[in-house]
Amino acid sequence: MPGTAIRRRPALIAALAVFVAGGLGLALTRHSTPLPLPRAQAVAVALRSPRVQRVFRRVHWDRVEADAVDHQLERLSFFQGSQSVAEVAVKRNHSIVEVLDFKVLNVPYGDWIAYEPAVLILLAALFVLVTAVGPWHRLRNLDVLMALTFLAPVVLLQRHYVAASVLAAIPGLLYLMGRCAVMALAGTRPAAPSEPVLDLLTPAWEVRRRVRLLRILLIAMALVFVLVTVSSVDAVDVLYAVMEGATKIVGGVLPYGHMPGDVIHGDTYPLLSYLLYVPLAWLSPVRSVWDSVDLALGFTVIGALVVAWVMFRVVAGSGGRGSGGIPPERELAGLRSAMAWLAFPPVLIIASSGTSDLVLGTMLALALLLWRRPGVCTGLLAAAAWFKLAPLALVPVRLAALRGRRLVAAVAGLLVVTAPMLALLIALDGLSGPMTMLHAISFQFSRGSPQSVWSALGIWGLQPAGEAAVLALIAASVVRLRNDHELAEDRQRMAALTVAILVGLQLAANYWAFLYLVWIFPLLGMSLLGQPAGVTVSDEVGAAVLPSDVRPVGVPV
């Protein structure tokens, strides 16, 4: 009977219950922020501004859209056809806060070199070289192809096709979410025999020669990242926001409600987003967008290189005591994984923007590396949640299967991170400090933006259903993991589950940018793109030479 079959699947029951209850609750509580000024009035105010008039001497527009940033601020987006040509931020009191002329912006953020077609093509070729396999009809190659579809959002946003950029990302995001959810919760069949493209192109080479080649390429890529990132002159506004907030903390003031107005709502992030940059702000304070953020750019590139090391460590493992080092086949696989991260074309652009999203990606990669150490892993996830909100959804997933001492260690990890954050909020702003932070963060849940899936498709009314679907996935995962301890300790499948949840959160949110790809790509390297492509090192060999918290994902030969 269908009813009996459903009752035998508690994860499915939990998912359905959460989807229905969550969807209804979100739909009933949903409200849109009204425009601070009627659209026609806001446009008239903008067109009277000398700043806006100077812009429109250079650009032409035939359409304008208005959306509320908050109750006081309205964003006017001017278009020529489908291309965004200018944005104007108008306050309720008729003052002009910001004017952006997209015709004079070569790139949305990051270093222009990273957007050059030749650079993107070269990086894409390197990415295929270290991830694709033969024969060509293997499912892994479809995974590689769908990852490369994220070049489209990059190129379209560079040319200021905002809605098209978001739409171009949807197929890849949906594919990765579904593929990773199935891999995590339903498992995968053994990989069909295949051979990495690099091996196919160098059939006469010994493994050690391929290792030497990839070492050279990896060092070269690391140098490229350093040179391009630290020389970038178009850092994203988020970097200025976190550095300005860190400078406030150095002065003994919480950033919430005390930030300069050069970055709109620059105080909308959890405390650790600013606190982590305090040492840099102490050395090089940032009080406006005219100050240098070079140290922060250097910090970002360090994060990118740390992720490359994590990717290598997870796949290659460790030689262990007295083992004589990592076997060449395993080292080759680890080098491929690290190279895949640095060669994935959007990553260089994202690193050169200086965005804090790359730091978040580093935290998540380290958390998955240490997945089997619940105390440290949960502490890292808590830190990531105090840095950006999304990782909070991963905490119940890590806690679900824990019992006894391991559960105590995980809860201790949460407290070790959370207690100092609360203490600092109270120390700097009294008992109202935590509520002040939450009020500032709430902007992320109420803001409007043309750069979202729901806006691009014109289906804002369906957003509660999308949000409820993500909550249902989390609920089903928690129930499934609570009843399957072996699955909960499988880092490869948990990395895939993490990708599915994070992609779901990105799709359900009010805003999406390709910067968010660095949240998930390191985890893809540990799961979907880390799957064995052919013969793998046996569990017995891996157990003999690796420490308990690090196992190879799979070594293609």
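Residues numbered from 1 in each chain as written. Predicted model: local features only at pLDDT ≥ 70, side-chain atom pairs only at ≥ 80, totals over all residues. Heavy atoms only, no water.

Within the element layout of this structure, Asn141 appears in helix α6 (residues 139–148). Sequence separation of Asn141 and Pro34 is 107 residues, and the distance between their C-alpha atoms is 46 Å. In this view, Asn141 contacts Ala132, Val133, Pro135 and Trp136; residues no more than four positions away in its chain are not counted. (Helix = DSSP H or I, 4+ residues; strand = E, 2+ residues; numbered from the N terminus. Contact = heavy atoms within 4.5 Å.)

Once that is clear, we can look at the side chain of Ser337. With respect to the helices and strands, the residue Ser337 is situated in helix α15 (residues 328–343). Using a relative accessible area of 8% as the deciding quantity, one classes Ser337 as buried. Apart from residues lying up to four places away in sequence, Ser337 is in contact with Met311, Val315 and Gly525. (Buried < 20%, exposed > 50% of the residue type's maximum accessible area, 1.4 Å probe, protein only.)

Let us now look at the confidence of the model for the chain. In this model, the chain carries a mean pLDDT of 88, and residues with pLDDT of at least 70 account for 92%. Segment residues 320–324 is flagged for pLDDT under 50; beyond a separation of four residues in sequence, or across chains, it makes 1 contact in the model. Confidence drops under pLDDT 50 across residues 532–557; counting only partners more than four residues distant or on other chains, this segment forms 72 contacts. (pLDDT = per-residue confidence, 0-100.)

Working definition: two side chains of opposite charge can pair if their charged atoms are close together. This model, assessed by the stated rule, comprises 12 salt bridges. Note that Asp101 is salt-bridged to Arg58, the shortest N-O span being 2.8 Å. Linking Asp101 in strand β4 (residues 96–101) with Arg58 in the loop between α4 (50–56) and β1 (63–68), this pair joins segments that are 43 residues apart in sequence. Here Asp484 and Arg480 are joined by a salt bridge, their closest N and O atoms 3.6 Å apart. Owing to a relative accessible area of 23%, Asp484 belongs among the partly exposed residues under this scheme. Each of the salt bridges in this network shares a partner with another, and the network as a whole consists of Asp67, Arg75 and Glu87. (Salt bridge = Lys/Arg side-chain N within 4 Å of Asp/Glu carboxyl O.)

Packing of α6 against helix α8 (residues 162–185) leaves a shortest axis separation of 10 Å and a crossing angle of 140°. Judged by the inter-axis angle, α6 sits oblique to α8. For the crossing formed where α6 meets α8, the hand is left-handed. The segment α6 lies against α8, with Leu139, Leu142, Asp143 and Met146 engaging Pro171, Gly172, Tyr175 and Arg179. Of the residues belonging to the contact of α6 with α8, the class tally is 5 nonpolar, 1 polar and 2 charged. (Axes fitted to C-alpha atoms, helices over the stretch in contact; angles between N-to-C directions. Parallel < 35°, antiparallel > 145°, perpendicular 65-115°, else oblique. Left-handed = near helix turned anticlockwise from the far one by under 90°. Nonpolar A, V, L, I, M, F, W, Y, C, P; charged D, E, K, R; others polar.)

Moving on, we get to the packing of aromatic side chains. Inspection of every chain in the model, using the stated rule, returns 13 aromatic pairs. Ring geometry for Trp61 and Phe78: centres 5.0 Å apart, planes at 75°, overall edge-to-face. Of this pair, Trp61 sits in the loop between α4 and β1 while Phe78 sits in strand β2 (residues 73–80), placing them 17 residues apart in sequence. A ring pair is formed by Phe127 and Phe344, whose centres lie 5.4 Å apart and whose planes are at 50°; its orientation type is tilted. With Phe127 in helix α5 (residues 117–131) and Phe344 in the loop between α15 and α16 (345–353), the pair connects residues that are 217 residues apart, well separated along the chain. A residue is classified by how much of its surface remains accessible, and Phe344, at 3% relative accessible area, is buried. One aromatic cluster in this structure is built from Phe127, Trp341, Phe344 and Phe521. Here Arg63 stacks its cationic end above the ring of Phe79, 4.2 Å away from the centre of that ring. (Phe/Tyr/Trp six-rings, centres within 6.5 Å; stacked < 30°, edge-to-face > 60°. Lys NZ or Arg CZ within 6 Å of the ring centre and 35° of its normal.)

Below, the discussion takes up helix α27 (residues 517–526). Summarising burial for α27: 10 of the 10 residues are buried, a large majority. Of the positions making up α27, those classed as buried are Leu517, Val518, Trp519, Ile520, Phe521, Pro522, Leu523, Leu524, Gly525 and Met526.

Attention now moves to unusual backbone geometry. Of the consecutive residues Gly134 and Pro135, the connecting peptide bond is found in the cis state with omega at 0°. Relative to the elements of secondary structure, Pro135 occurs in the loop between β5 (133–134) and α6. The backbone of His160 shows a phi angle near 70°, a positive value even though the residue is not glycine. Mapping His160 onto the fold places it in the loop between α7 (151–158) and α8.

Time to look at helix α10 (residues 207–230). With 24 residues, α10 should reach 34 Å at 1.5 Å per residue; the first-to-last C-alpha distance of 35 Å fits that figure. Looking only at α10, the buried set comprises Arg210, Val211, Leu214, Leu218, Met221, Phe225, Val228 and Thr229. Residues of α10 that are buried make contact with α5, α9 (197–201), α14 (294–316), α15 and α16. (Expected span 1.5 Å × (residues − 1).)

This next bit is on the packing of α10 against α15. At a closest axis distance of 9 Å, the pairing of α10 and α15 adopts a crossing angle of 25°. As summarised for this structure, α10 and α15 are arranged roughly parallel, according to the angle between their axes. Regarding α10 and α15, the two cross each other, and that crossing is left-handed. Mapping the contact onto sequence places Val207, Arg208, Arg210, Val211, Leu214, Arg215, Leu217, Leu218, Met221, Ala222 and Phe225 in α10 and Pro328, Glu329, Glu331, Leu332, Leu335, Arg336, Ala338, Met339, Leu342 and Ala343 in α15. Residue composition of the contact of α10 with α15, grouped by class: 15 nonpolar, no polar and 6 charged.

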